[in-house]
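Structural features, examined
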Amino acid sequence: MTHPDLNELVARARRDRAAPAALAAVARNLRVPFVAAPLAAIAVPSTAMASVAAKLGLSRLALLGWGAGSTVLTGGVVAALVLQQPEAPAKAPPPVPQVQPMKGEALAKSVPTAELPEAPVVTPSPERHSVKDTATTWDEPQLIERARKALATDPRRALLLAQEHQRRFPTGALGVERDVIMLEALARSGQTAEARRRAVAFEAKYPKSIHLPRVRALLSRLDSE
Amino acid sequence: MPEPEALIGPVTARLFQAHAAEVWRFLKYVGVREQDLPDACQEVFLVAHRKLPEFRGDSAPRTWLYGIALRVAKTWRRRRQLVPLGDDDRAVAPSQEHERERRDTHELLCWALDQISELQREVFVLHEIEELPMGEVAARVECGVFTAYSRLRLARNALKRALAEKGVKR
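Residues numbered from 1 in each chain as written. Chains lettered and ligands numbered in written order. Predicted model: local features only at pLDDT ≥ 70, side-chain atom pairs only at ≥ 80, totals over all residues. Heavy atoms only, no water.

**So, the pattern of salt bridges**
The cut-off we apply is this: What counts as a salt bridge is simple: a side-chain nitrogen of Lys or Arg found within 4 Å of a carboxyl oxygen of Asp or Glu. Counting from the N terminus, the helices are the DSSP runs of H or I reaching at least four residues and the strands are the DSSP runs of E reaching at least two. Categorising residues by exposure relies on relative accessible area from a 1.4 Å probe, with only protein chains included: less than 20% of the type maximum marks a residue as buried, more than 50% marks it as exposed, and the intermediate range marks it as partly exposed.
By the definition in use, this model includes 21 salt bridges over all chains. E131(B) is the salt-bridge partner of R14(A), the closest N and O atoms lying 3.8 Å from each other. Residue R14(A) is found in helix α1 (residues 6-14), and its partner E131(B) is found in the loop between α5 (118-129) and α6 (134-141); the two belong to separate chains. Residue E131(B) is classed as partly exposed on the basis of its relative accessible area, which comes to 26%. A salt bridge links R33(B) to D36(B), with the shortest nitrogen-to-oxygen separation between them at 3.1 Å.

Here is the structure:
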């Protein structure tokens, strides 16, 4: 049996990932919320991720846990989720909650604050698509996880859930994840201008975020549409 | 139901969300036993929570965490020396062929890393696996950059020798 050489072993070690369940167990001990593979199931084609990452010269680390999936994930769970994602939401999406655009000034000075500017209140449509049945009882990671899952099939619901998170956990540990979900949800529900504005604000506010490749991929998608 | 109070603050919780996987991997390759990884990983973030007020922002948070993880790993390695390694979970037969192969290669590297000096190992793992620039590596292990480069070179040579030996043995 021949062994891979040192370089190959190192390359594999770089892709070595802790089992999400193991990290989740540590999080439970610390009593903090934890999303095992944050937002990885949001469908961003890995090619898009790779090209954005290459453009930005981002290290492989920045991509760990992301849609670039198959190369870095060990569990396979998230990769499976990515594969399950439809490319676009259903043909005739229901009316989406309208989010008021943010003011230019608010964006310009958004950098030092702890949160992105408050999301304006949504006026939910009368149809009973609301989140009140259970979302108010979910804990923080549950809420984010549901929002993330809703993105693929029902961005409107994802948006509502993200806003529910913002209301209930304004200083929550998953605020950044929520902001990314919100961006995606806005983009997928057709509110592209607002999505774009928030993506730009996100870039300025979280220049070192691990979610930046995703946000930039979203921006370049919006630009190419 | 009241939510249990977290043992670490929201900032450290965010660090955990962002970097726990990297800290976990770092601990593993720098010599913490597989079965000790959950405790060691938890300890890193408890220490980070305590030391957060001292964080001056002169390095990236991830790099700062590696510094803490280095010290935590040292104590766990010492415990490992006190308690004989024996048949730990590395001996457990993995169920799937792919998983076995994955574990084998990771274990091979861990084994080789066990054969070299601690100082060399720390530099090698920080630079080669965690991909930290050498300036940052030197700062983390508290030596000059030239010394760090020297340790890196020695580590590479020693690892190649160890692996060659392993290849012959098998």
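**Description of the packing of aromatic side chains**
As a reminder, the rule being used: What counts as a ring pair is set by centres within 6.5 Å for rings of Phe, Tyr and Trp (its six-membered ring), and what kind of pair is set by the plane angle: stacked under 30 degrees, edge-to-face over 60, tilted for all other angles.
Scanning all chains against the criterion turns up five aromatic pairs over all chains. With a centroid separation of 4.7 Å and an interplanar angle of 55 degrees, the aromatic rings of F202(A) and Y206(A) are classed as tilted. Accessibility expressed as a relative area gives 0% for F202(A), which makes it buried. On the numbers, 5.0 Å between centres and 55 degrees between planes, the contact of F26(B) with Y66(B) is tilted. Taken together, the residues span a long stretch of sequence, with F26(B) in helix α1 (residues 10-29) and Y66(B) in helix α3 (residues 61-82) at a distance of 40 residues. Residues F26(B) and Y66(B) agree in their burial class; the two are buried. Grouping aromatic residues by their ring pairs yields a cluster made of F34(A), F16(B) and F45(B).

**So, the confidence of the model for chain B**
Basically, it comes down to this: For every residue, the predictor states its confidence as a pLDDT score lying anywhere from 0 to 100. For this analysis, residues touch if any pair of their heavy atoms sits within 4.5 Å.
In this model, chain B carries an average pLDDT of 84, and 83% of its residues clear a pLDDT of 70 or more. Within the model, the stretch residues 85-95 of chain B combines pLDDT values under 50 with 17 contacts to residues more than four positions away or in other chains.

**Side note on helix α2 (residues 20-30) of chain A**
Our working definition: The directions from the helix axis to the C-beta atoms are what the arc is built from.
Residues L23(A), A24(A), V26(A), A27(A) and L30(A) constitute the buried set of α2(A). For α2(A), the buried positions fall inside an angular range of 160 degrees around the axis, keeping them on one side. Exposed positions of α2(A) whose direction lies more than 90 degrees from the buried face are A21(A) and R28(A). Each element contacted by the buried residues of α2(A) is listed here: α1 and α2 (37-51) of chain B.

**Observations regarding the nonpolar core**
Rules: Definition of nonpolar core: a set of buried residues of the types Ala, Val, Leu, Ile, Met, Phe, Trp, Tyr and Cys, connected through side-chain atoms within 4.5 Å.
Grouped together as the largest cluster of nonpolar side chains are 66 residues, with contacts concentrated most on F16(B), L27(B), V44(B) and F45(B). A per-element tally of this core places α1(B) first, with ten residues. Of all hydrophobic cores here, the second largest spans 31 residues; its members include Y206(A), L212(A), V215(A) and L219(A).

**Quick word on the confidence of the model for chain A**
Residue and element names in this part refer to chain A. When pLDDT is averaged along chain A, the result is 65, and 55% of the positions lie at 70 or above. The low-confidence segment residues 38-96 (pLDDT under 50) makes 100 contacts with residues lying over four places distant or belonging to another chain. Contacts from residues 102-132, a stretch scored under 50 in pLDDT, to residues over four places away or in other chains number 56 contacts.

**Observations concerning the interface of chain B and chain A**
Many descriptions give the size of an interface as the accessible area lost when the pieces come together. For clarity, the threshold we go by: Note on definitions: buried area is the accessible-area loss of two parts on being combined, 1.4 Å probe, summed for both. Polar contacts here mean pairs of N or O atoms no more than 3.5 Å apart (in protein, one a potential hydrogen donor and the other a potential acceptor; neighbouring residues in sequence count only if both atoms are side-chain atoms).
Contacts between the two partners involve 43 residues from chain B, matched on the other side by 39 residues from chain A. When the buried surface of chain B facing chain A is broken down by residue, R14(B), F16(B) and Q17(B) rank first, second and third, together holding 19% of it. Between the two partners, chain B and chain A, sit three salt bridges. Here chain B and chain A share nine residue pairs in polar contact (both at pLDDT 80 or more) between them. Take the side of chain B that touches chain A: its biggest share by element is 13 residues, from α1(B).

**Digging into the environment of V72(B)**
With respect to the helices and strands, V72(B) occurs in helix α3. A sequence separation of 25 residues divides V72(B) from V47(B), and the C-alpha atoms of the two residues are 8.8 Å apart.

**Looking at the packing of α1(B) against α2(B)**
All names here are of chain B. Test applied: Axes here refer to lines fitted to C-alpha atoms; in helices the fit is confined to the stretch in contact. Angles between the N-to-C directions go from 0 to 180 degrees. Working definition: roughly parallel below 35 degrees, roughly antiparallel above 145 degrees, roughly perpendicular at 65 to 115 degrees, and oblique for all remaining angles. Left-handed describes a crossing whose near helix is turned anticlockwise from the far helix through less than a right angle; right-handed describes the clockwise counterpart. Amino acids outside the nonpolar list (Ala, Val, Leu, Ile, Met, Phe, Trp, Tyr, Cys, Pro) and the charged list (Asp, Glu, Lys, Arg) are all regarded as polar, and Gly is one of them.
Here α1 crosses α2 at 135 degrees, and the two axes come no closer than 10 Å. Here α2 runs oblique to α1, going by the angle between their axes. With respect to the hand of their crossing, α1 and α2 are arranged in right-handed fashion. Each of T12, L15, F16, H19, A20, V23, W24, L27 and K28 in α1 lies in contact with α2, whose residues at this interface are L37, P38, A40, C41, V44, F45, A48 and H49. Its residues placed into classes, the contact of α1 with α2 shows 13 nonpolar, three polar and one charged.

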